[in-house]
Amino acid sequence: RSVHYKDARVQQPQWVRTYRAPSFGQGEETDVIALSLVAQWLGGGRTGALYQSLVVEQKLAVDVSVDYYGTVAGPGSIGISAVPQD
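Residues numbered from 1 in each chain as written. Predicted model: local features only at pLDDT ≥ 70, side-chain atom pairs only at ≥ 80, totals over all residues. Heavy atoms only, no water.

Student: Teacher, can you tell me more about the confidence of the model for the protein chain here?
Tutor: Parts of the prediction with low pLDDT should not have their coordinates interpreted in detail. For the protein chain, the average pLDDT comes to 91, and 100% of its residues sit at 70 or higher. When mean pLDDT is compared element by element in the protein chain, helix 2 (residues 49-57) scores highest at 96, while helix 1 (residues 29-43) scores lowest at 91. (pLDDT = per-residue confidence, 0-100. Helix = DSSP H or I, 4+ residues; strand = E, 2+ residues; numbered from the N terminus.)

Here's what the structure looks like:
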């Protein structure tokens, strides 16, 4: 499913992609631990691999984040977001 929101008042667009993922409530513990580590490696703030590549090196974005929600009772999710350069 793809959803696009547009509004003339938005001055800085943001790209977001969210995927269903295993959680401690539903899924294998090893999958949850692995996804937690990957999310931290990719999106661990300004030292994350995506931030370093897209913001610092290539200057394609002004911010990048990766969030993993694996401690929920139901299905978890992993989300990637980026704010592109003007």
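Student: How should helix 1 be read in this particular structure?
Tutor: Note on helix geometry: an α-helix contains 3.6 residues per turn, so any two residues three or four positions apart are oriented the same way. A rise of 1.5 Å per residue sets the reference length of helix 1, with its 15 residues, at 21 Å; its end C-alpha atoms lie 21 Å apart and thus fit the reference within 8%. Listed in full, the buried residues belonging to helix 1 are V32, A39 and G43. The buried residues of helix 1 all sit within an arc of 35° when viewed along its axis, so they share a single face. Away from the buried face of helix 1 by more than 90 degrees, exposed residues T30, L37 and W41 are located. Trailing helix 1 by a residue or two, G45 shows a phi angle of about 70°, which is positive. (Expected span 1.5 Å × (residues − 1). Buried < 20%, exposed > 50% of the residue type's maximum accessible area, 1.4 Å probe, protein only. Arc of directions from axis to C-beta.)

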